[in-house]
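An overview of the molecular structure
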Amino acid sequence: MTKLLSTTIAGSLPKPAWLAKPNELWAPWRLEGDALAEGKRDAVRLALADQEHAGIDIVTDGEQTRRHFVTTLIEGLDGVDFAHKRTVRIRNRYDAEVPVVVGPVSRRAPVFVDDAAFVVRATERRVKFTLPGPMTMVDTLYDAHYKSREKLAWAFAEILNEEARAIAAAGVDVIQFDEPAFNVYFDEVRDWGVRTLERAAEGLGCKTAVHICYGYGIKANIEWKKTLGGEWRQYEQTFPLLARSRIDQVSLECANSHVPIELIGLLAGKDVLVGAVDVATERIETPDDVAAVLRAALRHAPAQRIYPCTNCGMVPLPREVARAKLAALGAGAALVRAEMAAG
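Residues numbered from 1 in each chain as written. Predicted model: local features only at pLDDT ≥ 70, side-chain atom pairs only at ≥ 80, totals over all residues. Heavy atoms only, no water.

**Structural notes on the packing of helix α1 (residues 33-54) against helix α10 (residues 319-342)**
Direction vectors running N to C along α1 and α10 enclose 35°, while the axes themselves pass 8 Å from each other. Seen from above, α1 lies across α10 with right-handed handedness. Taken together, the residues of α10 that come into contact with α1 (itself represented by L46, D50, Q51 and A54) are R319, R323, L326, A327 and G330. Of the residues that constitute the contact of α1 with α10, the class distribution is 4 nonpolar, 2 polar and 3 charged. (Axes fitted to C-alpha atoms, helices over the stretch in contact; angles between N-to-C directions. Helix = DSSP H or I, 4+ residues; strand = E, 2+ residues; numbered from the N terminus. Left-handed = near helix turned anticlockwise from the far one by under 90°. Contact = heavy atoms within 4.5 Å. Nonpolar A, V, L, I, M, F, W, Y, C, P; charged D, E, K, R; others polar.)

**Let's talk about unusual backbone geometry**
What you tend to see is this: most non-glycine residues have negative phi, and most peptide bonds are trans. Positive phi, normally seen in glycine, also occurs at L5, with a value near 55°. Mapped onto the elements, L5 comes out in the segment before α1. Classification of L5 by relative accessible area gives buried; the value is 1%. Residues other than glycine seldom take positive phi values, yet W26 does so here, at roughly 60°. Given the relative accessible area of 24%, W26 is considered partly exposed. (Buried < 20%, exposed > 50% of the residue type's maximum accessible area, 1.4 Å probe, protein only.)

**Comments concerning the sheet that holds strand β2 (residues 77-90)**
Spatial strand order, β2-β3-β5: 3 strands in an open sheet with mixed pairing. Each of the sheet's edge strands pairs with one partner strand only, and the pair in question is β2 and β5 (142-143). Here β2 pairs with strand β3 (residues 94-107) via 9 bridges, running antiparallel. Bridge pairing links R89 to D95 in β3. Contacting β2, β3 and β5, helix α5 (residues 149-169) crosses the sheet at an angle of about 75° to β3. (Pairing = 2+ DSSP bridges.)

Pasting the structure below:
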């Protein structure tokens, strides 16, 4: 029987300073060749140990083998030029130098399958593996070939499905697709976003999840959040669509946010990964802080459907902060679990 309020994380954790520069997205590797390969595996072991020590039930590799949650997968594909980057506006929020789609995209070989198999071997706990979603991949590139966000998304959905099937065969328990773009492009989510996500997850024997958030705790995202007003109701547009989808789980941002907690009720029938740890601040939550978010969520979804989680990835945070936040998540969930057991 699955433990009530099983804890998990959105995906990423900070990398050790000997592997990559701390507190930075897209940080270059500090090792090369065989030393880099060994260093990545060692970093995964450390990420797993930190999660296990904190009482996280469904663990990830902390995305320790990837420079970025989107572009590392794209590096393994044909049809994309990384040598001549272009500047694009990502999530309508900030500019970034990104690779260019110059021809039909295709997967020449497995990208993350060996990494997934390593994580499964390295822990006794349930394993979640994260992949970027089709729409978010489209939104992190300059398209000089398809000239259609929808056509490129469908091409990525096919590739993602190939990769996800191979990762599932390696023994992972959950595959999560990260779609922060779902909180920005609502017409596209309705017209083709959910359908391309379902195509990416088609036929998987493991649990499937989608992570939708308001972004990493970086300046551009924090400033954007200030413009959203007293209530953040973006989920109101996407949750009914996802409730009708074939995706099993939805991960959302709740801690220290202005998301009305009752929006969880729009996800009837789905597992809800309740973000109970804020990744946009270095303040360490107390177990009571985490428990308060979970108690509020329990008013709108049954305990069997709730999985305490982080709001988003924690890669930009200092490692000691991330470790403390993991501990708070595990302890807060245990506190509510004990309250439920006591009646």
